[in-house]
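# Notes for the structure review
Here's the letter readout for the chains.
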Amino acid sequence: MNAEASLDLRHPVPLSIPVRTKKRYFIPPAVGMKSKMEENIEAKIRAAGVVVKQEYMERPINISCTAGVYDAYIPPEGDARLSTLSKEGLKQRTEQIRQSAASQLAIRKIKGHDSLFKTKEFAEQAQEIFIEAHNALTQFNKAKLHSLVTERCYPEMTRGNRYKTIHWRFIESLEPPKVVQARCPDMVSKDNLYGQVTVRMHSKQTLAIYDRFGRLMLGCEEHPKDVLEYLVFERHLVNPYGCWRLHGKIVPSWAPAKDPVIKTVMIPGPKLRPEDELDAVNLQVPKPAAVQWYK
Amino acid sequence: MATAAMTVRGVAFIRNMSASFHCRFQALIGRCPQQLSCLHTSALLESKTWERRNLKVFPPQKPDEALRPAEIHLSRRQIKYSKDKMWYLAKMIRGLSIDQAVAQLEFNDKKGAKIMKEVLLEAQDKAVKHHHVEFKSNLYVAESFSGKGRYLKRLRYHGRGMCGVMDKVYCHYFVKLVEGPPPRTEERTGLDEARDYVQKLRDRTIIHSL
């Protein structure tokens, strides 16, 4: 371009000869980079033809399970603790699910969506699901666990267990499992029904948890324990491919305290001012309130 | 800018560096790794082997076996300090119990001592919370060393229009805490050494003798 313009006779442009263009000094690229960095990077990416994926600032919501246990079952106090001869024991023996109207209504709704639902069969099924889920937890089979346990229950079961070894065994069932409550909550719209069924299970289980280094953290391998549990199973009724999965557990307020961990744990003491001294004689460790909670 | 004369050695060094900078700049733009032609882009910071040692799970021990002591690996990367200066502090705390190590670092005047103390306290905290260590004082420093981090290069201006390349040094610091009392090294006295020497002399045999 410059050569043609300079050879032109009518409008000559002086020929520009490059002089001293060889780079003889060195500047590390970072020196001038501070001013250049901000504007040019996006243009360079587009020029290079690299397509960056759109990042959506959204929080994912899971609609295949509800967020909790709606209208939780309150287990009667002294369940499986009183002898058969006392009056309360007899009352509990005769108490059946037919007494609760809301549960009956819920079961009718469930049968409307799933015609093969039967309370007695469901209780057996529920126990099988429970055993399989816990076996999958010991092997840490994520895919199988997701199919047997809802998305709400999965993090509660697996939190902190990634680098631990769990040995769990289901020895036998002391009483046949029983459906004690059913509810049909809905989410967002009235037709979006989920079925939640509470099953009472009394069984013998062994649990031993080992930490990362193979040392026993909790429980015992040899001695089985009698466990009374209230498990909540859920299913998305409207979904034709939905299946009953473990959703949570109800721990009654009168449940006995769990075994302590095989480790000394520090409990933070009362906050003292610099001039005070700790009153060790009258010190009382605050005990948590006995409230029913569902996990 | 005035023409600056450089030595031959400097020019060769600069040529190597500009090639590696070109690679790094392309990585900065955000090209996918398969498109990069040169293989020598830094893969050192992506491979965090020291932290991966924390993820190893040991099989459960039988009740009659001796308890395996808990090990906690922790590192801090790209500390703005020299690796050689950090080495002195790392060597100082090797083999000490954690309380002693923290005490020594607290009253040390070096810049690296403050950072190392933070790292040790963080490691102690993690040991108690995540790695099932019972007593937080029952730990000792099994391994502690420093390594070279990724340096930044800058120009250093000399007289007569000459310049050199200045390294802005960074270092990594690695520490491994093990549960238990610190191991006691047996102190050898002069008498022990003498006894061993005499025993060696007595153990000599004459080969091919009758």
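Residues numbered from 1 in each chain as written. Chains lettered and ligands numbered in written order. Predicted model: local features only at pLDDT ≥ 70, side-chain atom pairs only at ≥ 80, totals over all residues. Heavy atoms only, no water.

This brings us to a nonpolar patch on the surface. A cluster of nonpolar side chains, namely L15, I17 and V19 of chain A, defines an oily patch on the protein surface of about 340 Å² accessible area. Position of I17 of chain A relative to the elements: it lies in the loop between helix 1 (2-7) and helix 2 (33-48). (Patch = residues over 30% accessible without salt bridge, like charges linked within 9 Å, V, L, I, M, F, W, Y side chains within 5 Å. Areas by Shrake-Rupley, 256 points an atom, 1.4 Å probe, with all protein chains shown as cover. Salt bridge = Lys/Arg side-chain N within 4 Å of Asp/Glu carboxyl O. Helix = DSSP H or I, 4+ residues; strand = E, 2+ residues; numbered from the N terminus.)

One pass over the full model with this rule turns up 23 salt bridges over all chains. The salt bridge partner of E151 of chain A is R245 of chain A, with a shortest N-O separation of 3.3 Å. Taken together, the residues E151 of chain A in the loop between helix 6 (142-148) and helix 7 (153-158) and R245 of chain A in strand 4 (residues 245-251) connect sequence positions 94 residues apart. With a relative accessible area of 25%, E151 of chain A lands in the partly exposed category. The salt bridge involving R76 of chain B is made with E118 of chain B; its shortest N-O contact spans 3.2 Å. One end of the pair, R76 of chain B, is in strand 1 (residues 71-79); the other, E118 of chain B, is in helix 5 (residues 111-129), with 42 residues separating them in the sequence. The partly exposed category is assigned to R76 of chain B, whose relative accessible area is 25%. The exposure class assigned to E118 of chain B is partly exposed, which follows from its relative accessible area of 40%. (Buried < 20%, exposed > 50% of the residue type's maximum accessible area, 1.4 Å probe, protein only.)

Before going further, it helps to examine the packing of helix 3 (residues 83-93) of chain B against helix 4 (residues 98-106) of chain B. Residues and elements named next belong to chain B. Where helix 3 contacts helix 4, the axes come no closer than 10 Å and their chain directions differ by 145°. Helix 4 is crossed by helix 3, and the crossing has right-handed handedness. Counted together, L89, M92 and I93 of helix 3 and A101, Q104 and L105 of helix 4 form the full contact between these two elements. A breakdown of the residues in the contact of helix 3 with helix 4 according to their chemical character gives five nonpolar, one polar and no charged. (Axes fitted to C-alpha atoms, helices over the stretch in contact; angles between N-to-C directions. Left-handed = near helix turned anticlockwise from the far one by under 90°. Contact = heavy atoms within 4.5 Å. Nonpolar A, V, L, I, M, F, W, Y, C, P; charged D, E, K, R; others polar.)

Time to look at the sheet that holds strand 1 of chain B. All names here are of chain B. Strand order in this open sheet of three strands is 1-5-2, and the pairing throughout is antiparallel. In this open sheet, the two strands that pair with only one neighbour each are strand 1 and strand 2 (139-148). The average undirected angle you get between the axes of adjacent strands in this sheet is 15°. As judged from the nine bridges shared by strand 2 and strand 5 (residues 171-179), these two strands associate in the antiparallel manner. Each residue of the ladder has a partner; that of L139, found in strand 5, is E179. Seen against the sheet, helix 5 touches strand 1, strand 2 and strand 5 and runs at an angle of roughly 145° to strand 1. (Pairing = 2+ DSSP bridges.)

With that settled, the discussion passes to the packing of aromatic side chains. Overall, the coordinates contain twelve aromatic pairs over all chains when judged by the stated rule. With a centroid separation of 5.2 Å and 45° between ring planes, the pair formed by F117 of chain A and F122 of chain A is classed as tilted. By relative accessible area, which is 1% here, F122 of chain A ends up buried. Measuring from centroid to centroid gives 5.9 Å for F130 of chain A and W168 of chain A, while their planes differ by 85°, and the two rings are edge-to-face. Taken together, the residues span a long stretch of sequence, with F130 of chain A in helix 5 (residues 119-139) and W168 of chain A in strand 1 (residues 165-183) at a distance of 38 residues. You'll find F130 of chain A and W168 of chain A in the same group, each marked buried. An aromatic cluster is defined as three or more aromatic residues linked by ring pairs; in this entry it consists of F117, F122, F233 and W244 of chain A. One residue, K80 of chain B, lies across the ring of Y170 of chain B, its end atom 5.4 Å from the ring centre. When the ring centre of Y151 of chain B is taken as origin, the NZ or CZ atom of K148 of chain B, which lies over that ring, is 4.6 Å away. (Phe/Tyr/Trp six-rings, centres within 6.5 Å; stacked < 30°, edge-to-face > 60°. Lys NZ or Arg CZ within 6 Å of the ring centre and 35° of its normal.)

The next thing to look at is the nonpolar core. The tendency in soluble globular proteins is for nonpolar side chains to be buried as a group. Residue and element names in this part refer to chain A. Core analysis: the biggest nonpolar cluster contains 34 residues, and F122, V197, F233 and W244 have the highest contact counts within it. Taken together, the elements giving at least two residues each to this core come down to helix 4 (101-113), helix 5, helix 6, helix 7, strand 1, strand 2 (194-210) and strand 3 (216-236). Sorting elements by how many residues they give to this core places helix 5 first, with eight residues. Setting aside chain neighbours within four positions, we find F122 in contact with F117, V179, V197, V199, F233 and W244. (Core = buried A, V, L, I, M, F, W, Y, C linked by side-chain atoms within 4.5 Å.)

In this structure's numbering, the residues bearing the UniProt feature "domain: Tim44-like" (unreviewed entry) are residues 103-251 of chain A. Regarding residues 103-251 of chain A, the helix share stands at 30% and the strand share at 43%, and the terminal C-alpha atoms are separated by 20 Å. (UniProt positions renumbered as here; feature names shortened; annotations may be inferred.)

What follows is about helix 4 of chain A. Residues and elements named next belong to chain A. Between its first and last C-alpha atoms helix 4 spans 19 Å; for 13 residues at 1.5 Å apiece the expected length is 18 Å, and the two agree. Looking at helix 4, one finds that the buried residues are S103, A106, I107 and I110. For helix 4, the angular spread of the buried residues around the axis is 100°, confining them to a single face. Facing away from the buried side of helix 4, by more than 90 degrees, are the exposed residues A101, R108 and G112. Lining the buried residues of helix 4 we find helix 5, strand 1 and strand 2. (Expected span 1.5 Å × (residues − 1). Arc of directions from axis to C-beta.)

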